[in-house]
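What follows is each chain in one-letter form.
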Amino acid sequence: MRFRCERDGLVDALGAAGRAVASRGGSLPVLSGVRVELAGDRLSLIGSDLDLTIGVEVEVAGEADGVAVVPAKIASDLVRSLEAGAVEVHVEGDEAHIAAGRFQSSIRLLPADEFPRLPEPAPDAVTLAAKDFALALHQVVPAASADDARPILTGVLMAAEGDGLRFVATDSYRLAVRDLPGTSVLREGQSVLVPSRALRELERLLGAAGEVTLRLGERDATFEIARTRLTTRLIEGEFPNYRGLIPSTYPNRLTVGREALLDAARRVRLMAREATPVRLSMSADGLELVAITQDVGQAHEQLDAKYEGTELTVAFNPEYLLDGVEVTPGDEITVETVDHQKPAVIRSTEGSEFLYLLMPVRV
Amino acid sequence: MREHPPEPPGILHVDMDAFFVSVELLRRPELRGQPVVVGGTGDRGVVAAANYEARVYGVFSAMPSARARRLCPHAVFLPGDHHHYGEVSARIMAIFGTFTPLVEPLSLDEAFLDVRGSRRLLGTGPEIARSIRARVLDEEGLRCTVGVAANKFLAKLGSQAAKPSVSPKGVEPGEGVRVIPHGGELAFLHPLPVRALWGVGPATSRKLERLAVRTVGDLAALPLDAVVASLGEATGHHLHRLAHGIDSRPVVTDQRPKSIGHEETFARDHHRHDTLRRELVRLADATAARLRRHRAAGRTITIKVRFGDFRTITRSSTLPTAVSSGPSITRVAKELLDGVDPGQGVRLLGVSVSHLVIDTGRQLSFEDAVAAGWDDASAAVDQVRARFGDDAVVPAAVTGPAGLRIKRGGDQQWGPDANPPAEP
């Protein structure tokens, strides 16, 4: 294999594929490398830890086709350290030679024939606007659990809902639900559970993209953005019955300006130390946020708000509360409550596409 | 302000009688009745403990062993075995723990207990004091003395007053339990020498003598200003309060309870799952009630099964979130029990909950919301029981042909009844 290319394109490609490379050595040493394949002028790079695979294609000036697996970390660091301009790569025996200007290096390769065969993406494809998809992920993914002891909850449920696609995630303390109407990706009643780790990577890739193509298979999901392809193994198992958690009626309803609530919660939170909650006292007079930490101090702030219901004080983890309010769209939000121990629901007054359900802290 | 007749006091100070020596005498019963001294036996050793027979000769703790030998040459001197005393102490503290979770050990042989939360189930402070003495004697063969009062300071003085006394004539057994009733604090306290107050050493004692203070009553009669002028701000306030019987220090457990549970030894071995499941419901229900009383919830459910041949196994399961309701504990405990073969006969069954968390300030989860039906019901059950007694509301499985059988803390202090309900 031998090719020439621009340093910048190669840095980006190695970086993207490298993000899927197994971080912890794992059972297959070859997975600490990026598989590089040259066919004509097309260079394909793939990194994988078997759960998550990221592949990228770039145009190069090819001279001789071939396949090699380069150690991801060192190759990426090395190419990134080069000055902008042309880079020359050629593979000879078990070494890759990388040269730029008067710089010369050779890297010992990993055995390419040990690199595992990766699944083919499902043939059925649906293309969506990347912006909508990215926003939905931004709203839902943070609610997924980071606790590997509960694998089901580390996933985001993507399910057919009406004529659209629904995203659901929960860590059992809060639940985020987002609908993308008019987006039929799955057949009615069909759903997949996608690891949130893969979706966080996908969010990074969606940044400046125009479109994203989804291919949902039985065991894998593939997302294609321009010349990058992310494939993830799906999580097997039954997602909890989240519908049953959402109370059908709420006796109490608070309506408050979103920015005002965010600003006040960020200020008051500073006095909610050591896992103490922020209390929301809701009455006809409006909303008061209170945080008291023993031996540290206290803060409270009164907010104008409309409140229908019985006077109620309910306490929340301030981070969970902010996570939800931050991603709720619109200028005004509602907080609906049953009592101080039941889940509260946060929604926008401007549409029902997003819902955030939050459990209180017992006080 | 107080118009209701006051309840008997509920702070206990339990002090083992000549603990180290008494433990040694259990291993060496042939030494009983002789003066026995435990401590360093070398030239520079000191006495760790002496029994009452040795104290008659003037031997006391912290005295150089050589001096003790001169005072009582015929005493038997034994080297201390702290490891063994520690084991016995742990068992005694565990007995205390069955009466209340609020146990504050002061040393191997001494502890404060706050039993005010246990009175409804186990009796008044004085009744619990007598139960503790009886159980420690029955289970460990050791005697202890208990002071019962409204606070720690008075309870400790109470236990000292109830100790066996020693004079050159011999040993006089003590009362064993001394209760300082509400309203009787000053009558008990004021005749005591001022040296009895916690914090009064030789130096303070001399200063007080200059003020003509000899008894606690003398001190109490002095104006606070005078006491502070003589002893300084901190000591003055402290002793002034004590002289009036005031001590607001709470009983603090040095560790929160690690687990809460109940177990029961059956009068006759059970061989069948369905019988055991019914017992399990009772035990889980009692455990849940105790958890809620301590405002606690726990994540790990453990069952303990002892077979007829005394082989004992435990099985446990850890939940993602803490629970405190009877049905949620029962559900897990039943699953664990299903994995145990009771064919050879089960003699004892226990349920406990560990990985405890304080239930206030806890982030609730959707599991709580799903179980909320039970939590609401559990809270209602607790209220009904508080008003109408433990048998007012019980799980259906607890009813049997012989009526209701409720598990109460402190049940089976003397083992199973001779005439148990028949196994259905």
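Before reading on, note that the structure itself is shown above.
Report on the accompanying structure. Small disclaimer: the values here were computed from a predicted structure and weren't measured.

## A look at helix α2 (residues 72-80) of chain A
Residue and element names in this part refer to chain A.
Right, so step 1: Among the residues making up α2, those that are buried are Ala72, Ala75, Ser76, Leu78 and Val79. Viewed along the axis of α2, the buried residues span an arc of 165°, placing them on a single side of the element.
Right, so step 2: In this fold, the buried residues of α2 make contact with α1 (7-18), β2 (33-39), β6 (66-71), β8 (95-100) and β9 (103-108).

## Some words on the sheet that holds strand β12 (residues 296-307) of chain B
Within a sheet, adjacent strands bond to each other through the backbone by hydrogen bonds, running parallel or antiparallel.
Residues and elements named next belong to chain B.
Right, so step 1: One open sheet holds the four strands; their spatial order is β11-β14-β12-β13, and the pairing between them is antiparallel. With partners counted over all chains shown, the strands left at the sheet margins are β11 (259-270) and β13 (312-323), one partner each. Taken pair by pair, the neighbouring strands of this sheet meet at an average axis angle of 15°, ignoring direction.
Right, so step 2: Strand direction decides the pairing type here: β12 and strand β14 (residues 346-358), joined by eleven bridges, are antiparallel. Bridging from a neighbouring strand, glycine 298 pairs with leucine 356 of β14.
Right, so step 3: With respect to the sheet, helix α13 (residues 273-293) is in contact with β11, β12, β13 and β14, its orientation differing from that of β11 by roughly 155°.

## Brief notes about empty space enclosed by the protein
A probe matching the size of a water molecule, rolled over the atoms, marks out where space remains unfilled.
Residues and elements named next belong to chain A.
Right, so step 1: Inspection of every chain in the model, using the stated rule, returns two cavities of 30 Å³ or more.
Right, so step 2: Reported here for the largest cavity is a volume of approximately 130 Å³.
Right, so step 3: In this structure, the largest cavity is lined by 15 residues; those nearest its centre are Phe3, Val36, Val70, Val89 and Ile98.
Right, so step 4: Listing elements by their share of the lining of the largest cavity, those giving two or more residues are α1, β3 (42-48), β6, α2, β7 (86-92) and β8.
Right, so step 5: Taken together, the residues that form the lining of the largest cavity break down as 15 nonpolar, no polar and no charged.
Right, so step 6: Estimated volume of the second largest cavity: approximately 30 Å³.
Right, so step 7: As for the second largest cavity, its lining consists of Leu50, Asp51, Thr53, Leu118, Pro119, Asp220, Thr231, Thr232 and Arg233.
Right, so step 8: The element that contributes the greatest number of residues to the lining of the second largest cavity is strand β17 (residues 228-233), accounting for three residues.
Right, so step 9: Considered class by class, the residues forming the lining of the second largest cavity number three nonpolar, three polar and three charged.
Right, so step 10: Lining the lining of the second largest cavity are residues from two domains, each supplying at least three of them: domain 1 (2-114) and domain 2 (126-244).

## Comments concerning the interface of chain B and chain A
Right, so step 1: Contacts between the two partners involve 16 residues from chain B and, on the opposite side, 18 residues from chain A.
Right, so step 2: Between chain B and chain A, roughly 1,400 Å² of surface is buried when both sides are summed, and carbon and sulfur atoms account for 62% of that area.
Right, so step 3: Looking at the side of chain B facing chain A, the largest losses of area belong to Gln363(B), Leu364(B) and Phe366(B), adding up to 52% of the total buried there.
Right, so step 4: Summed over the shared surface of chain B and chain A, the number is zero salt bridges.
Right, so step 5: On the surface where chain B and chain A come into contact, there are four residue pairs in polar contact (both at pLDDT 80 or more).
Right, so step 6: Among the elements that line the side of chain B that touches chain A, the one with the most residues is helix α15 (residues 366-388) of chain B, at eight residues.
Right, so step 7: In terms of residue class, the side of chain B that touches chain A is made up of six nonpolar, four polar and six charged.

## Some details on the packing of aromatic side chains
All names here are of chain B.
Right, so step 1: Taken as a whole and assessed by the stated rule, the structure comprises six aromatic pairs over all chains.
Right, so step 2: Relative to phenylalanine 20, the ring of phenylalanine 19 has its centre 5.8 Å away and its plane inclined at 55°; by these criteria the two rings are tilted.
Right, so step 3: In this structure phenylalanine 19 comes out as buried when scored by relative accessible area, which is 2%.
Right, so step 4: Aromatic side chains phenylalanine 20 and tyrosine 85 sit 4.5 Å apart centroid to centroid with 10° between the ring planes, which places their arrangement in the stacked category.

## Digging into the nonpolar core
In a soluble, globular protein the nonpolar side chains are often hidden away together inside.
Right, so step 1: With 101 residues, the main nonpolar core has Leu43(A), Phe133(A), Phe167(A), Leu287(A) and Leu289(A) as its most contacted residues.
Right, so step 2: Among the elements that take part in this core, α1(A) stands out by supplying six residues, more than any other.
Right, so step 3: Not counting the four nearest positions on each side in its chain, Leu289(A) is found in contact with Leu261(A), Ala264(A), Ala265(A), Val268(A), Val278(A), Arg279(A), Leu280(A), Ala299(A), His300(A), Glu301(A) and Leu303(A).
Right, so step 4: Membership of the second largest hydrophobic core comes to 35 residues, among which are Val14(B), Val23(B), Ile95(B) and Phe96(B).

## Focus on unusual backbone geometry
Comment: phi is negative for the bulk of residues other than glycine, and the bulk of peptide bonds are trans.
Right, so step 1: For Ser172(A), which is not glycine, the phi dihedral falls at a positive 80°.
Right, so step 2: Turning to its location among the elements, Ser172(A) is positioned in the loop between β12 (164-170) and β13 (174-180).
Right, so step 3: Here Ser172(A) falls in the buried class, since its relative accessible area comes to 5%.
Right, so step 4: With a phi angle near 40°, Ala18(B) is a residue other than glycine that sits in the positive phi range.
Right, so step 5: By secondary structure assignment, the location of Ala18(B) is in the loop between β1 (11-16) and α1 (19-27).

Rules used in this analysis
- Residues numbered from 1 in each chain as written.
- Chains lettered and ligands numbered in written order.
- Predicted model: local features only at pLDDT ≥ 70, side-chain atom pairs only at ≥ 80, totals over all residues.
- Heavy atoms only, no water.
- Buried < 20%, exposed > 50% of the residue type's maximum accessible area, 1.4 Å probe, protein only.
- Helix = DSSP H or I, 4+ residues; strand = E, 2+ residues; numbered from the N terminus.
- Arc of directions from axis to C-beta.
- Contact = heavy atoms within 4.5 Å.
- Pairing = 2+ DSSP bridges.
- Axes fitted to C-alpha atoms, helices over the stretch in contact; angles between N-to-C directions.
- 1 Å grid on protein atoms, 1.4 Å probe; cavity = no way out; pocket = protein on both sides within 12 Å on 5 of 7 lines; lining within 4 Å.
- Points joined across faces, edges and corners; volume = space filled by probe spheres on them.
- Nonpolar A, V, L, I, M, F, W, Y, C, P; charged D, E, K, R; others polar.
- Domains from an automatic or database assignment.
- Buried area = accessible area lost by both parts, 1.4 Å probe.
- Salt bridge = Lys/Arg side-chain N within 4 Å of Asp/Glu carboxyl O.
- Polar contact = N/O pair within 3.5 Å; in protein donor to acceptor, adjacent residues only side chain to side chain.
- Phe/Tyr/Trp six-rings, centres within 6.5 Å; stacked < 30°, edge-to-face > 60°.
- Core = buried A, V, L, I, M, F, W, Y, C linked by side-chain atoms within 4.5 Å.

Limitation: the analysis is restricted to geometry and does not speak to function.
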